[in-house]
Amino acid sequence: MYKRQAFTWAELTAAQKRDLQTDPSGAQDTEASGMARLAFLRGDRSCEFSSGGACFYTDGTNTFATKSLRERSSRLGDIVHSGPVFVGAAESNWPDVAPFPGTVGDTYTEFRDATASRPGIVYVGGNDGMLHAFSQATGEEVFAYVPSSLYSDAASDGLHYLSDPAYVHQYSVDLTASVADVYAKTRPSGSTSWKTVLVGGLRAGGRGLFALDVTDPTAISESGQDPERTVMWEFTSTDDPDFGHSFSRPSIVPLADTSNSIRWAVVVGNGYNDLGSGEAKLFVLFIEEGLDGTWSAGDYVEISTGVGTTTDRNGLSTPAVIDTDGDGLADMAYAGDLKGNMWAFDLSGTNSGNWDIAHKQGNNRRPLFTAPANQPITSTPAVVRNSEVPTASGNFPNTIVIFGTGQYMTSGDVSSTDIQSMYGIWDSGGNGGLDRSDLVSQTISTGVTVDGVVGRTLTDNGINFATDDGWYMDFPDSGERIVTDAVIRGDLVFFNSMTPDTNPCQAGGSGWLMVAKWLNGGRPGEIAFDLNSDSMLDDDDAIGGNAAAGVEIVGIPTAPVNLSNIRYTSTTQTTGGSTIDTTDILKLGGPRTGRLSWEELSR
């Protein structure tokens, strides 16, 4: 059990003080030095000296001689993989009828109205050991949270290492947080109400997640019971060794519980390099069960794929959680693993003990689809209803699961030249076990230059769902891969591939902005890229009379983001020896349709 406390010396546990008193050699330093390191982490810069030597630290009353600490260019640590998340007024559309609360004074509509003037906060994780909360209005920091799992008294680890003059970059709070409104108990009172919950994690910085109650961010402080109220729980590899470095962004969803009741949960993949069995696993953490500070049997559900061992570790990536029957409750999840398997998990029904792998042959668990060797799946699939085939009991859930393959997590991944692919797999129920022989192939052309821009074409082979179970396309460039999520818009799927480069003058690599019809993986029926940069999508942007399916860019692209009729993709691009962010803006046109959020599966 961990302690929820203010980040002050008087509140720290003995083990946490031991971390901060650890010197660069790994030996225990004086208490004054520990207090100086704590002050450093809280933003004090009085002991930062590039020349080394002694520093005189004052705690407000007494002055102590301590060692100088690392000189830094900013109090704020670097932000790498943790994207900013904005939270203002509540804006979900949970109904005011059962199984959601329907009693006057307890409805979601009332909660939404009560938060209409809630100040906007931007939450982002930094590799300075903290989740930061910044005011939208002023940019000032409102509060910060330090996960307890980051403490360590190892010489080159823990919070003390951040102040070490010999510090070499490490990740810490590096996962993009998820935020949702849930109906759950409040710490420490135990009363049940609607609240806004943030679930963050460490990604490569550690094996753990944390949940915070951010319903009223202006009331969060170090005093009184605020830490008890704000910090809901942490879940780490200490609670379950099968939970690894989870790169999985959490989904916060309602699941069926007892008759006409809901149980709110966090659904996440176990991630990579776990300390347990080595198998890829799905975790379902019930939000209220961690409030007591312990995780016991029944507090969470762990569904194993059975693939992976302690000598050949696997790991589950970020799941896409969906509502297949339109009742507002999540009931299925799709996620890929490092062995190239795409798994479907059945989370339907009120008995969580029956939740399991969706596809089986007899008692044997089977993936929906398995890619060829050396095609790991590290991105989140996009899921849409198959519009070509009416949904029926014989083909339920009748979804098309769209994802790419590739990995970019370790230094060895940079030089990989394995062929990677994009897939669209039809889940029509049954036993699963599909492979490429069940799919229609599309072919991506090599680059074609149009008005100085290099574009790509794509075949448009038809698909017959009486005999075919989806589609695939192989990427033609050596080392090209998918490590970001695809986005559905209308009848198209937008996705960005990347090819890493060890040469720093190439901004880490290059990439392709791609688009295809999600139904068959073929080229778009209408122009989707402005190749000649005239701010118009017309026949002048065609390649050989057909709509382009891709455009080459310099730098590694992020996942595409659609806002209204504009598509945004950030890239890195090197100019004058420094790395800058650029934005590619493409007109999309058409209505706001397609896969919008987890509870709105297109039909």
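So, here's what we can say about the structure. All values reported here derive from a predicted model rather than from experimental measurement. The residue numbering used here restarts from 1 in each chain and proceeds along that chain's sequence as written. This being a predicted model, a pLDDT of at least 70 is required before a residue's local features are given, and a value of 80 or more before pairs of side-chain atoms are given or counted; all residues contribute to the totals for chains, interfaces and linings. Water and hydrogen atoms play no part in the side-chain values, which are based on all heavy atoms of the structure.

**Observations concerning the pairing of strand β2 (residues 63–67)**
Inference 1: We treat two strands as partners when DSSP finds at least two bridges between them. The way it works is that DSSP assigns letters per residue, a run of H or I at least four long becomes a helix, a run of E at least two long becomes a strand, and they are numbered from the N terminus. When strand β1 (residues 54–58) meets β2, the two strands line up antiparallel, connected through 5 bridges. Directly across from Tyr-57, in β2, lies its bridge partner Phe-64.
Inference 2: The antiparallel hairpin formed by β1 and β2 contains 4 residues in its connecting segment, where Gly-60 sits at a positive phi of about 105°.

**Quick look at the side chain of Asn-127**
Inference 1: Structurally, Asn-127 is set in the loop between β4 (121–126) and β5 (130–135).
Inference 2: Here's how the labels work: a residue is buried when its accessible area is under 20% of the maximum for its type, exposed when over 50%, partly exposed in between, all with a 1.4 Å probe on protein chains only. Exposure remark for Asn-127: the relative accessible area of 3% places this residue in the buried category.
Inference 3: Definition of a polar contact: a pair of N or O atoms within 3.5 Å, with one able to donate and the other able to accept a hydrogen when the atoms are protein atoms, and with sequence-neighbouring residues admitted only if both atoms are side-chain atoms. Only 2.9 Å separates the side chain of Asn-127 from the backbone nitrogen of Ser-172, close enough to count as a polar contact.
Inference 4: In this description, contact between two residues means that some pair of their heavy atoms is separated by no more than 4.5 Å. Setting aside residues up to four positions removed in sequence, Asn-127 forms contacts with Asp-78, Val-80, Leu-162, Tyr-167, His-169, Gln-170, Tyr-171, Ser-172, Val-173 and Asp-174.

**Concerning the nonpolar core**
The nonpolar side chains of soluble globular proteins are, as a tendency, buried together.
Inference 1: The biggest cluster of nonpolar side chains holds 72 residues, and the ones touching the most others in it are Phe-7, Tyr-123, Leu-159, Leu-212, Trp-233, Trp-264 and Leu-285.
Inference 2: In terms of residue count, the dominant contributor to this core is helix α2 (residues 31–41) (6 residues).
Inference 3: Aside from chain neighbours lying at most four places away, what touches Trp-233 is Tyr-2, Arg-4, Leu-209, Phe-210, Ala-211, Val-266, Leu-285, Ile-287, Gly-290, Leu-291 and Trp-295.
Inference 4: Here the nonpolar core consists of buried residues drawn from Ala, Val, Leu, Ile, Met, Phe, Trp, Tyr and Cys, with membership extended through side-chain atoms lying within 4.5 Å. With 25 residues, the next largest nonpolar core counts Val-389, Trp-426, Val-440 and Phe-475 among its residues.

**Let's talk about the sheet that holds strand β8 (residues 192–201)**
Inference 1: Strand order in the open sheet made by the 4 strands is β7-β8-β9-β10, with antiparallel pairing throughout. Whereas interior strands pair on both sides, the edge strands pair on one side only; in this sheet they are β7 (178–185) and β10 (231–236). On average, adjacent strands in this sheet sit at an angle of 25° to one another, irrespective of strand direction.
Inference 2: The pairing of strand β9 (residues 208–213) with β10 spans 5 bridges and is classified as antiparallel. Paired with Ala-211 across the strands is Trp-233, a residue of β10. Here an axis means a line fitted to C-alpha atoms, over the contact stretch when the element is a helix, while the angle between two N-to-C directions is reported on a 0 to 180 degree scale.

**Structural notes on the sheet that holds strand β31 (residues 509–517)**
Inference 1: As summarised here, the arrangement of the 6 strands in space is β26-β27-β32-β31-β30-β29, forming an open sheet in which the pairing is antiparallel. On the outer flanks of this sheet lie β26 (448–450) and β29 (487–489), each paired with one strand and no other. Ignoring which end each strand starts from, the neighbouring axes of this sheet average 30° apart.
Inference 2: As paired strands, β31 and strand β32 (residues 550–554) are joined by 5 bridges and run antiparallel to one another. Each bridged residue has a counterpart across the sheet, and for Met-514 the counterpart in β32 is Gly-550.

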